[in-house]
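Single-letter residue listing:
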Amino acid sequence: MNLITGVIAVILRMNFNYFARVNLVDFISFIGISFWIVGGAGLLGNTRYKSSRKVDFTPDFEYENKGYYFTFVMFICGIPSIVTGIILFII
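Notes on the structure in this doc start here. (Residues numbered from 1 in each chain as written. Predicted model: local features only at pLDDT ≥ 70, side-chain atom pairs only at ≥ 80, totals over all residues. Heavy atoms only, no water.)

Some thoughts on the packing of aromatic side chains
Part 1 of the reasoning: In the structure shown here, the tally under the stated rule is one aromatic pair.
Part 2 of the reasoning: Aromatic side chains W36 and F75 sit 5.3 Å apart centroid to centroid with 20° between the ring planes, which places their arrangement in the stacked category. In this pair, W36 is assigned in helix α3 (residues 24–52) and F75 in helix α4 (residues 61–90), connecting sequence segments 39 residues apart.
Part 3 of the reasoning: Residue classification places W36 among the partly exposed residues on the basis of a relative accessible area of 32%.
Part 4 of the reasoning: With a relative accessible area of 40%, F75 lands in the partly exposed category. (Phe/Tyr/Trp six-rings, centres within 6.5 Å; stacked < 30°, edge-to-face > 60°. Helix = DSSP H or I, 4+ residues; strand = E, 2+ residues; numbered from the N terminus. Buried < 20%, exposed > 50% of the residue type's maximum accessible area, 1.4 Å probe, protein only.)

Below you can see the structure in the form of structure tokens.
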């Protein structure tokens, strides 16, 4: 995931003049925020799926735990990028 967002940032920087003027801190923050957006979308998608299911009184804990696990992993993956961006901004 870090590689994909890094490639997107490099492509934007090479092809558009506006992004060529953007600092490294902004790209690092973009990577962290993109992780959080993907995790939030996964969590929202999970709740939307639950509301459209047929009425079933047996809980599916295994599927629900996977949805929360994915959101938690995306949140954790975004923290180092956000912290690095804050540290570079202060320096």
